[in-house]
Amino acid sequence: MSKPLYDIGIVGGGLAGLSLAIQSAKSGYSVVLFEKETYPFHKVCGEYISLESWPFIEKLGVPLKDLSLPIIDTLKVSSPNGNFLQQKLPQGGFGISRYTLDNLLKESALKNGVTIFENTKVEDVVYENDEFNILVNNEVTTCKVCCGSFGKRSNLDIKWKRNFSLQKANKLNNYIGIKYHAKLNFPVNEIALHNFKDGYCGVSKIENDLYCICYLTTANNLKKCNGDVALMQQTILQQNPFLNQLFKSASFVYDKPLTIAQISFSQKTQIQNHILCIGDAAGMITPLCGNGMSMALHGSKIAFEQIDFFLANKISRTVMETEYSKVWQQHFSSRLKVGRLIQQFFGKKWVTNSFISILKHFPKLVSTLIKRTHGKPF
């Protein structure tokens, strides 16, 4: 049986993977995408997207204007002791669940001719003879270009021994993420970031009268509570009065939260074994700064521009890889650095309390920091 040859193979069907697939298919390329889950499904994610991404998402075939989505224009940040600052967002954003958005992108990808394999876990990708062999269940799919959109951490990161996956536990690479959907009495136009000891919790509106509650904390916090999420929320998160009120008043949609472990904000490479990494696989901004979803979308556009040049025989593979990494860094390295810098001021209760107490008196500085974590429409 002959092996099918695609122009582009994509491992992982999140925002970056699906967005790249749609752009590529619209331009006439044959595209295959592998996703380990079955759509629609939930993901641990803050589910806030800055408005810089709105025009791009609509070009991908998602009619955002028809979905009655909440527009978010205000930020509130609180410290563990309940002190807080409130600030208008210079650009603003909107809320939409990954459950809804990813599924709409999948439907657009199918309409544009993308071949999608759901409930399919890629075991390895091997580059040889100037093409890629994607291994799934003892079968091989070949492609000219391969992109990795496999999220924050995957079996492939470990298999390939990517540098960030080999680092010892530290302040930037040993987080757990936990997410709920809930009904709340909460401002529709506000995103809140409530800090607690060694973590922070984001709250914002999504579609269908629901709110996303998503928090990150250290694995050590959960370990202290014997792996009991409810106990951790009660004894650590709810020391912040805002979170205390939030968890007592929320009506949760599902019994158990979504969880993910071993999240890393350490630096990552954009190229691995000639594979173009996109989305969280290329690098993550700390959620305290928000906007990871916009970075994933924009990153897919940057990748496609170089892939298009390569497949049209205008540049070599080496130039494609070099230019993609360079342009990616030009757009996002500053965001990542600012995110890591801000991250250092949160965690210890007294540092966070002091930082918020000081920042609230300097709204222009807060506005500048927010702008540094957002980009322009693309």
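Scope of this entry: the structure provided in the associated data block. Per-chain numbering applies: the sequence of each chain, read as written, is numbered from 1 onward. Totals for whole chains, interfaces and linings use all residues, but because this is a predicted model, local features are given only for residues with pLDDT of at least 70 and pairs of side-chain atoms are given and counted only at 80 or more. Side-chain measures were taken over the full set of non-hydrogen atoms in the model, leaving aside hydrogen atoms and water.

This paragraph deals with the side chain of T74. A run of DSSP states H or I qualifies as a helix once it reaches four residues; a run of E qualifies as a strand once it reaches two. Both are numbered from the N-terminal end. Mapped onto the secondary structure, T74 falls in strand β4 (residues 71-78). Exposure remark for T74: the relative accessible area of 7% places this residue in the buried category. Side chain to side chain, T74 and D73 meet in a polar contact 2.9 Å long. In this structure, T74 is in contact with Q86, Q87, K88, L89, N189, E190 and I191, ignoring residues within four places of it in sequence. Relative accessibility thresholds used throughout: buried, under 20% of the residue-type maximum; exposed, over 50%; partly exposed, between the two (1.4 Å probe, protein chains only). In protein, a polar contact requires one atom able to donate a hydrogen and another able to accept it; more generally it is a pair of N or O atoms within 3.5 Å, and residues adjacent in sequence count only if both atoms are side-chain atoms. In what follows, a contact means two residues having at least one pair of non-hydrogen atoms within 4.5 Å.

Of the pairings in the sheet, the one linking strand β7 (residues 124-128) to strand β8 (residues 131-136) comprises five bridges and is antiparallel in character. Paired with V125 across the strands is I134, a residue of β8. A pair of strands is considered paired only if DSSP assigns at least 2 bridges between the two. Here β7 folds back onto β8 in antiparallel fashion, the turn holding two residues, of which N129 has a positive phi close to 55 degrees.

Before going further, it helps to examine the state of the cysteines. Note on terminology: disulfide denotes any pair of cysteine sulfur atoms within 2.5 Å. Per the counting criterion, the structure on display carries zero disulfides. Here C212 stays free of any disulfide, with the sulfur of C214 as its closest cysteine sulfur at 5.2 Å. Residue classification places C212 among the buried residues on the basis of a relative accessible area of 1%. The closest cysteine sulfur to the non-disulfide-bonded C277 is located on C147, 8.7 Å from its own sulfur. On the basis of relative accessible area, C277 is assigned to the buried category, the value being 0%.

Looking now at helix α3 (residues 98-111). With 14 residues, α3 should cover 20 Å at 1.5 Å per step; its first-to-last C-alpha distance of 20 Å lies within 8% of that length. Taken together, the buried positions of α3 are R98, L101, D102, N103, L105, K106, S108 and A109. Contact partners of the buried residues in α3: α1 (15-26), β3 (48-50), α2 (54-59), β6 (115-117) and α9 (292-311). Note on α3: the residue one or two positions beyond its end, G113, has a positive phi of about 95 degrees. One less than the number of residues in a helix, times 1.5 Å, gives the span that helix is expected to have.

Okay, the side chain of N221 next. If you trace the backbone, N221 turns up in helix α6 (residues 219-224). Residue N221 is classed as buried on the basis of its relative accessible area, which comes to 1%.

What follows deals with the pattern of salt bridges. Note on pairing: side chains with opposite charge can pair once their charged atoms come close. Put simply, a salt bridge is a Lys or Arg side-chain nitrogen that is within 4 Å of an Asp or Glu carboxyl oxygen. Per the stated rule, a full pass over the model turns up ten salt bridges. Two residues, K179 and E47, come together in a salt bridge whose shortest N-O distance is 2.8 Å. One end of the pair, K179, is in strand β10 (residues 175-183); the other, E47, is in the loop between β2 (31-34) and β3, with 132 residues separating them in the sequence. Residue classification places K179 among the buried residues on the basis of a relative accessible area of 0%. Close ionic contact of K197 with D198 constitutes a salt bridge, the shortest N to O distance being 3.5 Å.

The next subject is α9. Compared with an ideal rise of 1.5 Å per residue, which puts 20 residues at 28 Å, α9 spans 28 Å between its outermost C-alpha atoms and is within 8% of the ideal. Among the 20 residues of α9, 15 are classified as buried, and the element is accordingly described as predominantly covered. Looking one or two residues past α9, N313 carries a phi angle of roughly 60 degrees, positive in sign.

Another point: the packing of α1 against α3. Between α1 and α3, the shortest axis-to-axis distance is 9 Å and the interhelical angle comes to 20 degrees. Between α1 and α3, the interaxial angle falls into the category roughly parallel. Handedness of the crossing formed by α1 with α3: left-handed. Note on element contacts: α3 touches α1 through R98, L101, D102, L105, K106, S108 and A109, opposite L15, L18, S19 and I22. Throughout this entry, Asp, Glu, Lys and Arg are counted as charged residues, while Ala, Val, Leu, Ile, Met, Phe, Trp, Tyr, Cys and Pro are counted as nonpolar. The remaining residues, Gly among them, count as polar. Looking at side-chain class alone, the contact of α1 with α3 contains six nonpolar, two polar and three charged residues. Between N-to-C directions, angles span 0 to 180 degrees; the directions come from axes that are lines fitted to C-alpha atoms, helices contributing only their stretch in contact. Working rule for angles: under 35 degrees goes down as roughly parallel, over 145 as roughly antiparallel, 65 to 115 as roughly perpendicular, anything else as oblique. Left-handed describes a crossing whose near helix is turned anticlockwise from the far helix through less than a right angle; right-handed describes the clockwise counterpart.

Time to look at the environment of P377. As for its position among the elements, P377 is in the segment after α12 (363-372). Spatially, the C-alpha atom of P377 lies 35 Å from that of G82, the residues being 295 residues apart in sequence. Sequence-distant contacts of P377, that is, excluding residues within four places in its chain, are made with E52 and Q91.

Before going further, it helps to spend a moment on unusual backbone geometry. Look at the link from Y39 to P40: it is a cis peptide, with omega at -10 degrees. Tracing the backbone shows P40 in the loop between β2 and β3. Even without being a glycine, N119 presents a positive backbone phi close to 50 degrees. Tracing the backbone through its elements, the reader meets N119 in the loop between β6 and β7. Although it is not a glycine, D198 sits at a positive phi angle of roughly 60 degrees.

If you want to describe how two helices pack, look at the angle between their axes and the distance between the axes. Following both chains from N to C, one finds α1 and α9 inclined at 35 degrees, their axes separated by 8 Å at the closest point. Between α1 and α9 lies a crossing whose hand is right-handed. Along the contact surface, α1 presents L15, A16, S19, L20, Q23 and S24, while α9 presents M293, A296, L297, S300, K301, F304 and I307. Across the contact of α1 with α9, the residue classes tally to eight nonpolar, four polar and one charged.

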